[in-house]
Amino acid sequence: MAKRVILLLLLCGLAVLFYKTLTGMGPTLTLAPMSQQMVTDAPQTLGSQNVITAIVVTMRGLDTLGEVAVLFIAAAGIGFLLRKEHEHRREMRRDGSEILKTGARLLLPLIILFGCYIFTHGHLTPGGGFQGGVVIASGILLFILSDVSRSVNHSLLSISESLSGFGYAALGIAGFFLAAGFLDNRFLPMGTFGSLFSAGAIPVIYSFIGVKVGCELTGIFTSMQEDA
Amino acid sequence: MIVLLVLFLGSISLVAALFAIHTKSLLSAVISSGVVSLVASILYIVLHAPDVAMTEAAIGSGLTTVVFLLALRKIRSARKEDHRG
């Protein structure tokens, strides 16, 4: 009985808190000073048309590096836990139908091209390295699921993944020496505002992130799927 | 108009979430939790956050669902081997 009363009191307290938050919530018409600074700075000094990308890659670039590291650790953990045990009998998977196979073969180049478009245009349009990498990984997943005879070259995956991770960190350190600080994008030519080759190192960094995320997610899928 | 759309999408996502909790079949639960993410990504577009919407659609409703399905298949094949051995 006492337990129920305490539970009821806790729920009432939670409801009061939520009610306070809900009534205090309204559309924000003015930005906080720091957000204002970021929104005006991103197009002018960093040369990026998409303000969110400028914030994610440059102003909060260290957070993005941390996120990529977390994803890498997750992929490595899955690969370690589900590593192939050769004495296990391989379950025979059913082959995809002819329609699925042909469709996957037709769609794979288009999906990969779309993923590359998303991460190379991260500084111009919505999207960026993470989204583009995920799109590429989903295309490869479709291809693997449709055809049993296909498999992924794991050493190629790990080589391109570590090279892009190295390139990302190296560009960050280059910003430390050639521009204002770690992950500063202003050591490459800025180009004209709004064109593909602009915003300094942002498109290069996002391309590295895209390749890295795509390889990591493909690795997660294949290690979960292969030894089922 | 936007309020109606948000209410409609919100009710879809509530129904899908409740279905995911109460259904007996694990497969339907995984699929309907993917539906929740898909509706959430449409809501993000309505709220003018296309970057977040892309991430939610690709990771939340695409990849997470596939990872759950693969894990489900792994559990089933492990159970089958237990029965045999």
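Residues numbered from 1 in each chain as written. Chains lettered and ligands numbered in written order. Predicted model: local features only at pLDDT ≥ 70, side-chain atom pairs only at ≥ 80, totals over all residues.

Some remarks on the overall build of chain A
- Looking only at helices and strands, chain A has eight helices and zero strands in total.
- Helices and strands appear in chain A in the N-to-C order α-α-α-α-α-α-α-α.
- What you see for chain A is a C-alpha radius of gyration of 23 Å, clearly larger than the 17 Å of a compact globule of 228 residues, by over 25%.
- On the principal axes, the C-alpha backbone points of chain A span a range of 70 × 60 × 35 Å. (Helix = DSSP H or I, 4+ residues; strand = E, 2+ residues; numbered from the N terminus. Rg over C-alpha atoms; globule rule 2.2 N^0.38 Å.)

Concerning the overall build of chain B
- Each helix and strand counted, chain B has three helices and zero strands in total.
- For chain B, the α and β elements follow one another from N to C terminus as α-α-α.
- Principal-axis analysis of the C-alpha atoms places the extent of chain B at approximately 60 × 25 × 10 Å.
- Contacts in chain B between residues far apart in sequence, at least 24 positions, make up 44% of those at least 6 positions apart. (Contact = placed C-beta atoms within 7 Å.)

A look at the interface of chain B and chain A
- Opposite the 14 residues of chain B that make contact, chain A presents 14 residues.
- A per-class count over the side of chain B that touches chain A returns eight nonpolar, three polar and three charged. (Nonpolar A, V, L, I, M, F, W, Y, C, P; charged D, E, K, R; others polar.)

Topic: the environment of Ala42(A)
- With respect to the secondary-structure elements, Ala42(A) resides in helix α2 (residues 33-45).
- Not counting residues within four places of it along the chain, the set of residues in contact with Ala42(A) comprises Ser48(A), Val51(A), Ala54(A) and Ile55(A).

Things to note about helix α1 (residues 2-22) of chain B
- Taking 1.5 Å per residue as the helical rise, α1(B) with its 21 residues ought to reach 30 Å, and the 30 Å between its terminal C-alpha atoms agrees with that figure.
- For α1(B), a buried count of zero out of 21 residues is recorded, marking the element as mostly open to its surroundings. (Expected span 1.5 Å × (residues − 1). Buried ≥ 20, exposed ≤ 12 C-beta atoms within 10 Å, placed from the backbone.)

What to know about the nonpolar core
- Among the nonpolar cores identified, the biggest contains 39 residues, and Val134(A), Ala137(A), Ile202(A), Ile205(A) and Ile209(A) are the most heavily contacted of them.
- Among the secondary structure elements, those contributing two or more residues to this core are α3 (51-59), α4 (61-81), α5 (98-120), α6 (129-146), α7 (154-178) and α8 (202-226) of chain A together with α3 (50-84) of chain B.
- Per-element tally for this core: the top contributor is α8(A), with 12 residues.
- In this structure, Ile202(A) is in contact with Ser48(A), Thr53(A), Ala54(A), Val57(A), Thr58(A), His123(A) and Asn185(A), ignoring residues within four places of it in sequence. (Core = buried A, V, L, I, M, F, W, Y, C linked by C-beta atoms within 7 Å.)

Some words on the packing of α2(A) against α3(A)
Residues and elements named next belong to chain A.
- Packing of α2 against α3 brings their axes to within 9 Å, and their N-to-C directions diverge by 90°. One finds that α2 runs roughly perpendicular with respect to α3. Residues Met 38, Val 39, Ala 42 and Pro 43 of α2 form the contact with α3, whose own contacting residues are Val 51, Ala 54, Ile 55 and Met 59.
- For the contact of α2 with α3, a count of residues per class yields eight nonpolar, no polar and no charged. (Axes fitted to C-alpha atoms, helices over the stretch in contact; angles between N-to-C directions. Parallel < 35°, antiparallel > 145°, perpendicular 65-115°, else oblique.)

Some remarks on the environment of Phe8(B)
All names here are of chain B.
- Within the secondary structure, Phe 8 sits in helix α1.
- Of the residues examined, Phe 8 has 11 C-beta atoms within 10 Å and is grouped as exposed.
- In this structure the C-alpha to C-alpha distance between Phe 8 and Ser 25, which are 17 residues apart in sequence, comes to 26 Å.

Some points on the packing of α1(B) against helix α2 (residues 26-46) of chain B
Residues and elements named next belong to chain B.
- Orientation of α1 relative to α2, taken along the N-to-C sense of each, is 160°, at an axis distance of 8 Å. As the angle between them shows, α1 and α2 are arranged roughly antiparallel. Crossing geometry of α1 relative to α2 is assigned as left-handed. On the side of α1, the interface is formed by Ile 2, Leu 5, Val 6, Leu 9, Ile 12, Ser 13, Ala 16, Ala 17, Phe 19 and Ala 20, while α2 contributes Ala 29, Ser 32, Ser 33, Val 35, Val 36, Val 39, Ala 40, Ile 42, Leu 43 and Val 46.
- Classifying every residue of the contact of α1 with α2 gives 17 nonpolar, three polar and no charged. (Left-handed = near helix turned anticlockwise from the far one by under 90°.)

A few points about the confidence of the model for chain A
- In the predicted model, chain A carries a mean pLDDT of 82, and 94% of its residues have values of at least 70.
- Averaged pLDDT values for the elements of chain A fall to 80 in α2(A) and rise to 90 in helix α1 (residues 2-23) of chain A. (pLDDT = per-residue confidence, 0-100.)

Observations regarding unusual backbone geometry
All names here are of chain B.
- Although it is not a glycine, His 48 adopts a positive phi angle of roughly 60°.
- Among the secondary structure elements, His 48 is positioned in the loop between α2 and α3.
- When the 8 C-beta atoms within 10 Å are taken as the criterion, His 48 is described as exposed.

Re the confidence of the model for chain B
Residues and elements named next belong to chain B.
- For chain B, mean pLDDT is 86; residues scoring 70 or higher make up 96% of the total.
- No element of chain B has a lower mean pLDDT than α3, at 83, and none a higher one than α2, at 91.
- Across the assembled chains, the prediction reports ipTM 0.78 with pTM 0.79.

A look at α1(A)
- Over its 22 residues, α1(A) extends 32 Å from the first C-alpha to the last, a length consistent with the 32 Å expected when each residue adds 1.5 Å.
- By the criterion of burial, α1(A) is predominantly exposed, with just zero of the 22 residues buried.

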